[in-house]
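A structural walkthrough
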Amino acid sequence: MMGPAHSLSGAAAWLAAGAVAAGYGHPMPWPTLVVGALICAGAALAPDLDHKPATISRAFGPLSRLLCVIVEHIAEAVYNGTRMKGDPHRNGGHRTLTHTWPWAVLIGVGSSAICVYGGRWGVLGVLFVHLVLAIDGLLWRQVKGGHQLIVWLLAATGAWILADVLKDPGNGKAWLFTQPGQQYLWIGIPVVLGALVHCIGDAITVSGCPFLWPIPIGRKRWYPLGTPHFMRFRAGSAVELKVLMPMFMVIGGLSCVDALGLIKLR
Ligand SMILES: [Zn+2]
């Protein structure tokens, strides 16, 4: 899928997680629901850090373009270094290392650690990065013209305000993990969820996604998982724009209403 569909699916996934959590007796305070949805929308773009034309490589100017090149080289090296007989040799690392579960876990744990140990500035940093991505993904029509400076200002202001809202007792910094020292630990969950949803999104398009690496399937360690071939569609096709994106909006909207307990769907 393309950036906008990825980020929309990320936001919808977190809102759905909010509805599920409410069902299991851990309702999210509204700031957790909102901040988590934005983080998840941003995190759902992050695996394409191995792909220069992707939204994420433009998000932070030369810095993200450079990071993109580095990540792609590392991904390519890991691919060719760990491939088995059935995996073809390849040039370029797109849809390899950053599209696997170990990567999702790594960035999730990393984000939680930054927020738990980094204090306010750690939370602000993680929020800022994901808000920039979320704005680039969700408001892509408005951002298309290249007003990246405005996006950064908007994300910085948003991160500042949301970090303040989250901080107050009962507003969600201690959602799910309630012991002392576990504040903001939950922030890793939308990061992991965003990466997983991205992989699912790629698995239903033509190319598939080697999500299970390094667990081998047959003679392949980079087996491109996906739906049956006749069901797959091209990234950016009408199915994505006219069917999936409206569907994500409906799922997200209903889940949000349910997660906040505004109406009882259960
Ligand atoms: Zn991807």
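Computed from a predicted model, the values in this text were never measured in an experiment.

This paragraph deals with the side chain of Ser237. Assignment of secondary structure puts Ser237 in the loop between helix H8 (188-203) and helix H9 (238-259). Given the relative accessible area of 10%, Ser237 is considered buried. Among the polar contacts listed, one links the side chain of Ser237 to the backbone oxygen of Arg234, at a separation of 2.8 Å.

On to the coordination of the zinc ion, then. Protein-derived coordination of the zinc ion comes from Asp48 (OD), His99 (NE2), His198 (NE2) and Asp202 (OD), at a distance range of 2.0 to 2.2 Å. Around the zinc ion sit four donor atoms, and with donor-metal-donor angles ranging over 91 to 170° the site reads as irregular. Expressed as a motif, the donor residue spacing for the zinc ion is D-x50-H-x98-H-x3-D. Taken as a pair, Asp48 in the loop between helix H2 (30-43) and helix H3 (55-59) and Asp202 in helix H8 lie far apart in primary sequence, 154 residues in all. On the accessibility criterion, Asp48 (11% relative accessible area) is buried.

With respect to the element layout, Thr98 can be found in the loop between helix H4 (61-82) and helix H5 (101-138). We classify Thr98 as buried; its relative accessible area is 1%. For Thr98, the contacting residues outside a window of four places in its chain are Pro47, Asp50, Val71 and Trp103.

Now for the packing of helix H1 (residues 3-23) against H8. Between H1 and H8, the shortest axis-to-axis distance is 9 Å and the interhelical angle comes to 130°. When the interaxial angle is binned, H1 and H8 end up oblique. Of the two possible hands of crossing, H1 and H8 adopt the one that is right-handed. Two secondary-structure elements touch here, H1 through His6, Ser9, Gly10, Ala13, Trp14 and Ala17 and H8 through Ile189, Pro190, Leu193, Val197, His198, Gly201 and Asp202. A breakdown of the residues in the contact of H1 with H8 according to their chemical character gives seven nonpolar, five polar and one charged.

Here we take up the UniProt feature "transmembrane region" (unreviewed entry) in the chain. Per the UniProt annotation, the sites labelled "transmembrane region" (unreviewed entry) are residues 121-140, 146-163, 184-213 and 243-263. Secondary structure within residues 121-140 divides into 95% helix and 0% strand; the distance between the first and last C-alpha atoms comes to 27 Å. The span residues 184-213 is 53% helix and 0% strand, and its two end C-alpha atoms sit 29 Å from each other.

Turning our eyes to something else, we now look at the packing of H2 against H8. Two numbers describe how H2 lies on H8: the axes approach to 7 Å, and their chain directions differ by 40°. The angle between H2 and H8 falls in the class oblique. With respect to the hand of their crossing, H2 and H8 are arranged in right-handed fashion. Side by side, H2 and H8 meet where Gly36, Ile39, Cys40 and Ala43 of the first sit next to Pro190, Val191, Leu193, Gly194 and Ala195 of the second.

Here we take up unusual backbone geometry. Note that the residue after Trp213, namely Pro214, is joined by a cis bond; omega there is 5°. Mapped onto the elements, Pro214 comes out in the loop between H8 and H9. Phi at Leu176 takes a positive value of approximately 70°, unusual for a residue other than glycine. Turning to its location among the elements, Leu176 is positioned in the loop between helix H7 (148-167) and H8.

Another aspect to go through is the pattern of salt bridges. Under the counting rule described, the total for this entry stands at three salt bridges. The residue Arg95 makes a salt bridge to Asp202 at a minimum N-O spacing of 3.1 Å. Taken together, the positions of Arg95 in the loop between H4 and H5 and Asp202 in helix H8 put the pair 107 residues apart, joining distant regions of the chain. Note on Asp202: relative accessible area 1%, which makes it buried. Salt bridges sharing common partners tie together Arg120, Asp164 and Lys167.

A word on the nonpolar core. Soluble, globular proteins show a tendency: their nonpolar side chains are buried together. Ranked by internal contacts, the top residues of the largest apolar core, which has 39 residues, are Trp14, Val35, Leu127, Trp186 and Ile187. Of all the secondary structure elements, the ones that give two or more residues to this core are H1, H2, H3, H5 and H7. Top element by residues in this core is H5. It accounts for nine residues. One finds Met1, Leu8, Phe233 and Met245 within the second-largest nonpolar core, a separate group that totals eight residues.

Calculation notes
Residues numbered from 1 in each chain as written. Predicted model: local features only at pLDDT ≥ 70, side-chain atom pairs only at ≥ 80, totals over all residues. Heavy atoms only, no water. Helix = DSSP H or I, 4+ residues; strand = E, 2+ residues; numbered from the N terminus. Buried < 20%, exposed > 50% of the residue type's maximum accessible area, 1.4 Å probe, protein only. Polar contact = N/O pair within 3.5 Å; in protein donor to acceptor, adjacent residues only side chain to side chain. Donors = N, O, S within 2.8 Å, 3.2 Å for Na, K, Ca; no water. Tetrahedral: all angles 85-135°; square planar, octahedral: opposite > 155°, others 65-115°. Contact = heavy atoms within 4.5 Å. Axes fitted to C-alpha atoms, helices over the stretch in contact; angles between N-to-C directions. Parallel < 35°, antiparallel > 145°, perpendicular 65-115°, else oblique. Left-handed = near helix turned anticlockwise from the far one by under 90°. Nonpolar A, V, L, I, M, F, W, Y, C, P; charged D, E, K, R; others polar. UniProt positions renumbered as here; feature names shortened; annotations may be inferred. Salt bridge = Lys/Arg side-chain N within 4 Å of Asp/Glu carboxyl O. Core = buried A, V, L, I, M, F, W, Y, C linked by side-chain atoms within 4.5 Å.

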